[in-house]
Amino acid sequence: MKQNATPQTVNHYENFPVASVLCPARLRPPIAAIYWFARTADDIADEGTASAQQRLDDLAVYRADLAAAAVHQPTSTRWPQVFGPLQAAIAQWKLPQPLLADLLSAFTQDVVKTRDKTGYADRAELLDYCQRSAAPVGRLLLHLYGVKNAQALQQSDAICNALQLINFWQDVSLDLPRGRFYLPQDRSQHHGVDPAALDQQPQSPALTRLMEENVTWARELMHRGAPLVHRVPGRAGWELRLVVQGGLRILDKIEALGFATRHTRPTLGKADIPLMLWRALWM
């Protein structure tokens, strides 16, 4: 991990567009500020070779910078390209600071669970993590769009949590070598999957059954939130359609692999765009 992580530090593949041309121009700066705040914090927790304690110390400084930015006070000099734009966005758009803090709570939890080699007992515990690691981003975007309806917030949570789960099922081959295990332990035991042995074994029939179940769960959650695309105004609603279809397309690819993401990581490419656009049109 680099001590002064900035938006230029690490190149990232994403399943969805970030502040694309479909967003209103006036909202692109705050959306980009939110994205880089979350992305940089995630990098502090995940990237590089820093010890768990160093990651936790850095996240504590990052959290202090957020608290300072929220009350228009000077921040440290470590992440100026993150907190400069974020402080401006907080001031102009009155971003809810608790949602930003929830993200840091989740990333801190990630470090601790990886350090202690503990996973998630069940779906409820994993969804609690998703509610802090993913759902705040959707709620922050709805805040920018002026969408405050309770049902819309619940649908946003469903979409964001589904995207987080999809990322977990997509990244099994990357997470296991890092000691990160997001497959619910109770369902793993039900299917006869031993988390401790997974990084030593090829894809097994038991793991395939578990992954098929998890893909079905994520797909149902995404469909539950999908009606939100009709509540978000203008071009942003069309971008959300593509976000939803991007997540569903990854699930299609996992299924096409026979749910075998233990050694293969499916990604989206240009060839997927026409199908995603067609499906988005008919939502």
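The structure presented is a predicted model; accordingly, all values stated were derived computationally and were not measured.

## Some remarks on the overall build of the protein chain
Part 1 of the reasoning: Within the protein chain one finds twelve helices and zero strands.
Part 2 of the reasoning: Ordering the α and β elements of the protein chain from the N terminus gives α-α-α-α-α-α-α-α-α-α-α-α.
Part 3 of the reasoning: The C-alpha radius of gyration of the protein chain comes to 19 Å, within 12% of the 19 Å expected for a compact globule of 283 residues.
Part 4 of the reasoning: Reported as C-alpha extents along the three principal axes, the dimensions of the protein chain are approximately 55 × 50 × 35 Å.
Part 5 of the reasoning: Within the protein chain, the proportion of its 283 residues that are buried is 49%.
Part 6 of the reasoning: When contacts within the protein chain are restricted to residue pairs at least 6 apart in sequence, those whose partners lie at least 24 apart make up 71%.
Part 7 of the reasoning: In the form shown here, the protein chain has an accessible surface area of approximately 12,900 Å², with 56% of it arising from carbon and sulfur atoms.
Part 8 of the reasoning: With 30 positive and 27 negative side-chain charges, the protein chain shows a separation of 7 Å between the mean positions of the two kinds.

## Some remarks on the nonpolar core
Note that soluble globular proteins tend to have their nonpolar side chains buried in a common cluster.
Part 1 of the reasoning: Core analysis: the biggest nonpolar cluster contains 79 residues, and Phe37, Tyr62, Phe83, Leu95, Leu165 and Trp169 have the highest contact counts within it.
Part 2 of the reasoning: For Tyr62, the contacting residues outside a window of four places in its chain are Trp36, Phe37, Thr40, Ala41, Ile44, Trp79, Val82, Phe83 and Leu104.

## Details of the packing of helix α1 (residues 28–46) against helix α4 (residues 97–116)
Part 1 of the reasoning: The contact between α1 and α4 brings their axes to 9 Å, and the two run at 15°. In terms of their interaxial angle, α1 and α4 are classed as roughly parallel. Like other packed secondary-structure pairs, α1 and α4 cross with a definite hand, here right-handed. Where α1 approaches α4, its residues Phe37, Ala38, Ala41, Asp42, Ala45 and Asp46 are matched on the opposing element by Leu100, Leu103, Leu104, Phe107, Asp110 and Val111.
Part 2 of the reasoning: Tallied by class, residues from the contact of α1 with α4 come to nine nonpolar, no polar and three charged.

## A look at a nonpolar patch on the surface
Part 1 of the reasoning: Taken together, the side chains of Trp238, Leu275, Trp278, Leu281 and Trp282 define a hydrophobic patch exposed on the protein surface, amounting to about 590 Å² of accessible area.
Part 2 of the reasoning: In this structure, Trp238 sits in helix α11 (residues 234–256).

Criteria and thresholds
Residues numbered from 1 in each chain as written. Predicted model: local features only at pLDDT ≥ 70, side-chain atom pairs only at ≥ 80, totals over all residues. Heavy atoms only, no water. Helix = DSSP H or I, 4+ residues; strand = E, 2+ residues; numbered from the N terminus. Rg over C-alpha atoms; globule rule 2.2 N^0.38 Å. Buried < 20%, exposed > 50% of the residue type's maximum accessible area, 1.4 Å probe, protein only. Contact = heavy atoms within 4.5 Å. Areas by Shrake-Rupley, 256 points an atom, 1.4 Å probe, with all protein chains shown as cover. Lys, Arg positive; Asp, Glu negative; His and termini not counted. Charge placed at Lys NZ, Arg CZ, Asp CG, Glu CD. Core = buried A, V, L, I, M, F, W, Y, C linked by side-chain atoms within 4.5 Å. Axes fitted to C-alpha atoms, helices over the stretch in contact; angles between N-to-C directions. Parallel < 35°, antiparallel > 145°, perpendicular 65-115°, else oblique. Left-handed = near helix turned anticlockwise from the far one by under 90°. Nonpolar A, V, L, I, M, F, W, Y, C, P; charged D, E, K, R; others polar. Patch = residues over 30% accessible without salt bridge, like charges linked within 9 Å, V, L, I, M, F, W, Y side chains within 5 Å. Salt bridge = Lys/Arg side-chain N within 4 Å of Asp/Glu carboxyl O.

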